[in-house]
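The residues making up each chain are set out below.
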Amino acid sequence: MTLDITDKTHLEAAAGRVDSLDIVINNAGVALYDDLTDPSALQQHLAVNLFGTYAVIQTFLPLLVRSRGSIVNNLSVNALAPLPLIPAYSVSKAAAFSMTQSLRAILAGRGVRVHAVLTGPVDTEMTRGLDIPKASPQSVARAIFDGVENDDDEIFPDPLSRSLADLWGGSATKVLERQYAALLDADQ
């Protein structure tokens, strides 16, 4: 379903057309070159990459709880380390990754799985001008569905991101996320 995720009326209209839902894939995103001197660039990135993703999740969450479905947030390796050419994008993706990790722990008790897709360069309009190796959108999509089927928390769907996957499971960030999630489990 294609819609403007920053427009509440679009989201409500879309939700009204859906009777049941097993998976939401948040794939909308904006990436503009900036240097963090213009606050409007940061606001635009956050509006789409963080708040838009959040709005989609909240809109469709009742259906996902009913189906015990999955949320897939297509993020970026820039959520882990900022790319200085697009710092506002990196900030917004880092915030969306933190939201993804938080929702993973919060929604687990309601039967909803939350996956983070940490992509490297993909051959899309967003990377059209960059002369770097890029994964095909088709191969990334296949890897995402494989990751959901395997119940992976984080999905590393392309060659660049897969180079990080082996290090991720034992990283300080992942260990701390598990410890924090266990605190929530202990309270319930």
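Attention in this report is confined to the structure presented alongside it. Note that the coordinates shown come from a computational prediction; the quantities given were computed from them, not determined experimentally. (Residues numbered from 1 in each chain as written. Predicted model: local features only at pLDDT ≥ 70, side-chain atom pairs only at ≥ 80, totals over all residues. Heavy atoms only, no water.)

Here's the deal with the overall build of the protein chain
Counting its secondary structure elements, the protein chain contains 6 helices and 4 strands. Walking the protein chain from its N terminus toward its C terminus, one meets helices and strands in the order α-β-α-β-α-β-α-β-α-α. Computed over its C-alpha atoms, the radius of gyration of the protein chain comes to 16 Å, within 12% of the 16 Å expected for a compact globule of 188 residues. If you line up the protein chain on its principal axes, its C-alpha atoms span 45 × 40 × 35 Å. Counting across all 188 residues of the protein chain, residues that qualify as buried make up 41%. A fraction of 66% describes how many contacts in the protein chain between residues 6 or more apart in sequence connect residues 24 or more apart. Surface exposure of the protein chain reaches about 10,300 Å², of which carbon and sulfur atoms provide 56%. (Helix = DSSP H or I, 4+ residues; strand = E, 2+ residues; numbered from the N terminus. Rg over C-alpha atoms; globule rule 2.2 N^0.38 Å. Buried < 20%, exposed > 50% of the residue type's maximum accessible area, 1.4 Å probe, protein only. Contact = heavy atoms within 4.5 Å. Areas by Shrake-Rupley, 256 points an atom, 1.4 Å probe, with all protein chains shown as cover.)

Notes on the packing of aromatic side chains
In this description, an aromatic ring pair is defined by two values, namely the gap between the centres and the angle between the planes. Counted according to the given criterion, the structure contains 2 aromatic pairs. Taking the centre distance of 5.9 Å and the plane angle of 50 degrees together, the rings of F97 and W168 count as tilted. With F97 in helix α3 (residues 87-108) and W168 in helix α5 (residues 159-168), this residue pair connects regions lying 71 residues apart in the sequence. Given the relative accessible area of 4%, F97 is considered buried. Assessed through its relative accessible area of 10%, W168 is described here as buried. Each residue in the set F97, F156 and W168 is aromatic and connected to the rest through ring pairs, giving one cluster. (Phe/Tyr/Trp six-rings, centres within 6.5 Å; stacked < 30°, edge-to-face > 60°.)

Regarding the pattern of salt bridges
All chains considered together, the criterion is met by 9 salt bridges. Two residues, D153 and R104, come together in a salt bridge whose shortest N-O distance is 3.7 Å. Here the residue D153 occupies a position in the loop between α4 (137-149) and β4 (154-155), and R104 occupies one in helix α3, the gap between them amounting to 49 residues. Judged by relative accessible area, which is 6%, R104 ranks as buried. Among the salt bridges present, the one from D151 reaches R113, with a minimum N-O distance of 2.3 Å. (Salt bridge = Lys/Arg side-chain N within 4 Å of Asp/Glu carboxyl O.)

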